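If you want the building blocks of each chain, they are given just below.
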Amino acid sequence: MSAGAAHAGTLLVRNADVLVTMDGGRREIRGGGFFAVGGRVTAVGGPSELPGSADRVLDLAGHVVVPGLVNTHHHMFQSLTRAVPAAQDAGLFAWLEALYPVWARLTPEMLRVSTLTAMAELLLSGCTTSSDHLYLFPNGCRLDDTIESAAEIGMRFHAARGSMSVGRSLGGLPPDSLVEPEPAILADTQRVIESHHDAARFAMLRIAVAPCSPFSVSRDLMRESASLARSLGVRLHTHLAENDSDVAYSREKFGMTPAEYAGELGWVGPDVWHAHCVKLDEAGMDLFARTGTGVAHCPCSNMRLGSGTAPVHRMIAKRVPVGLGVDGSASNDAGNMLGEARQAMLLQRVGIGPRAMTARQALEIATVGGSRVLGRDDIGSLAPGMAADFAAFDLRGANMAGALHDPVAALVFCAPGRSSWVAVNGRIVVEDGQLATIDLPAVLERHNRLSLRLAAG
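Residues numbered from 1 in each chain as written. Predicted model: local features only at pLDDT ≥ 70, side-chain atom pairs only at ≥ 80, totals over all residues. Heavy atoms only, no water.

Peer 1: Please provide a residue-by-residue account of the overall build of the chain, values included.
Peer 2: Of the regular secondary structure elements, the chain holds 14 helices and 17 strands. Since a compact globule built from 457 residues should have a radius of gyration of about 23 Å, the 21 Å found for the chain is in line with a globular shape. If you line up the chain on its principal axes, its C-alpha atoms span 65 × 45 × 45 Å. In the chain, once contacts between residues fewer than 6 apart in sequence are set aside, the share between residues at least 24 apart is 76%. Charge separation in the chain, taken as the distance between the mean sites of 40 positive and 46 negative side-chain charges, equals 3 Å. (Helix = DSSP H or I, 4+ residues; strand = E, 2+ residues; numbered from the N terminus. Rg over C-alpha atoms; globule rule 2.2 N^0.38 Å. Contact = heavy atoms within 4.5 Å. Lys, Arg positive; Asp, Glu negative; His and termini not counted. Charge placed at Lys NZ, Arg CZ, Asp CG, Glu CD.)

Peer 1: Outline the packing of aromatic side chains, supporting the account with residue identities and numerical values.
Peer 2: Per the stated rule, a full pass over the model turns up nine aromatic pairs. Three or more aromatic residues link up through ring pairs in this structure, and these residues are Phe77, Trp95, Tyr100, Trp103 and Tyr135. The lysine or arginine in question, Arg40, covers the ring of Phe202, its NZ or CZ lying 4.0 Å from the ring centre. One cation-aromatic arrangement involves Arg161 over Phe137; the distance from NZ or CZ to the ring centre is 4.1 Å. (Phe/Tyr/Trp six-rings, centres within 6.5 Å; stacked < 30°, edge-to-face > 60°. Lys NZ or Arg CZ within 6 Å of the ring centre and 35° of its normal.)

Peer 1: With reference to specific residues and values, describe the state of the cysteines.
Peer 2: The tally for this structure, following the rule as stated, stands at zero disulfides. Unpaired in this structure, Cys300 has its nearest cysteine sulfur neighbour in Cys298, at a distance of 9.4 Å. Of all cysteine sulfurs in the structure, the one in Cys300 sits closest to Cys414, which takes part in no disulfide; the separation is 17 Å. (Disulfide = S-S within 2.5 Å.)

Peer 1: Can you tell me about unusual backbone geometry, naming the residues and giving the values?
Peer 2: The backbone of Ala83 sits at a positive phi, close to 50 degrees, despite the residue not being glycine. Turning to its location among the elements, Ala83 is positioned in the loop between strand S6 (69-71) and helix H1 (92-103). The class for Ala83 is partly exposed, based on a relative accessible area of 41%. Residue His276 is not a glycine yet carries a positive backbone phi of 85 degrees. Within the element layout of this structure, His276 appears in strand S11 (residues 272-276). (Buried < 20%, exposed > 50% of the residue type's maximum accessible area, 1.4 Å probe, protein only.)

Peer 1: Any chance you could break down the nonpolar core for me, citing the residues and the numbers?
Peer 2: Among the nonpolar cores identified, the biggest contains 124 residues, and Trp95 and Trp103 are the most heavily contacted of them. Considering every element that reaches this core, the biggest residue donor is helix H2 (residues 108-123), with nine residues. Discounting chain neighbours no more than four positions away, the residues touching Trp95 are Gln78, Ala87, Ala90, Trp103, Arg304, Leu305, Ala330 and Ser331. Leu11, Val13, Ile29 and Leu60 belong to the second-largest nonpolar core, a separate cluster that totals 19 residues. (Core = buried A, V, L, I, M, F, W, Y, C linked by side-chain atoms within 4.5 Å.)

Peer 1: Could you give me a rundown of the side chain of Arg161, with the residues and numbers involved?
Peer 2: Locating Arg161 in the fold gives a position in strand S8 (residues 156-163). Judged by relative accessible area, which is 2%, Arg161 ranks as buried. At a separation of 3.0 Å, a polar atom in the side chain of Arg161 contacts the side chain of Glu180. Sequence-distant contacts of Arg161, that is, excluding residues within four places in its chain, are made with Leu134, Phe137, Leu143, Glu180, Ile185, Asp188, Thr189, Val192, Ala208, Val209 and Ala210. (Polar contact = N/O pair within 3.5 Å; in protein donor to acceptor, adjacent residues only side chain to side chain.)

As structure tokens, this is what we get:
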């Protein structure tokens, strides 16, 4: 069986202290579990509602079981450049300018190893599906390098073919050496979609079209990218309204707000999701709500770079689709989805009040919210007909002591724990707290060696 395949047999998860379904009724089942056939859930409930045996049986007493978490925004190559001294205390634009020269030395091997490392960290935090926005391709790097790593580790993957085409000489932010000609961008984007995109339900790999940002690509590329994506039936992704400098650039260069710019270029609709949106104004939120345009909320990165607090409380009230993203590990320095959900909840409470976001709302954003933003109807909940993607967290550690009266809320309120069990399409990829698909110590040793080489130039 390939790394990304569904488990061919049957799986029975039973006796969880609480099974969080995130189904239409948001049921939480004490002593619950589910049964899956060929990687698809066929039954959910208590012991009397489930078969008594299966090819693989997991008794998860002492655990909370949740749907696999969904990460809607990442830059996995950045795991090679965490806590770089020159970028530790910089805002977005200065941070990018400090790191562009380092990233210009990336190699295909670095992409493959950093993707394995980033995905390992995500899986160990209960994340089963992740997008990745790769927007620079120096030294022969290709999106295919990250796709190979996703297949090896067994993670469900939305690979976003990013791009930068407007360098400093044309008024953009990136150095000219890191941008690509626009015809080459569009040709390679079409190639990876036609080679790799799987539109079927339960797909392990999908491709998105993802020009990096308004300050690194042209109007023409934004329009052409949208046209290409829609002609081939894939989704659109970019950064938008991340901080005050981002908004100022949009007003100066285009004479409009980021949301107005997105609207003019056709970058709104249920097939589009934007990262950050920290500075999305009321009119922008109304536009997104009206058109079903999604937002990837990245609280840790926004705090780290001093960008501000995205108005997620108001977005949700307006019914804007919102998912959660860890963002790149050079601006978050962590890739823990459970930790990100906790931070999302806490950050919305700052300045608004303790009712701004509940623990269960944060968990909902990290599951069904993310599945909606990525345009999927097969993940994000544990219900018949859905993928058998789940994560289990042990309640018996010191981090959960004293919180067992509400273990679901404790999962978000308390210090995030490492996942004990994780499955993707019914295939166990984290087993008793250890990755089951790769030799993680060997990968990390290689990753650290490459990171030091990259930093040293």
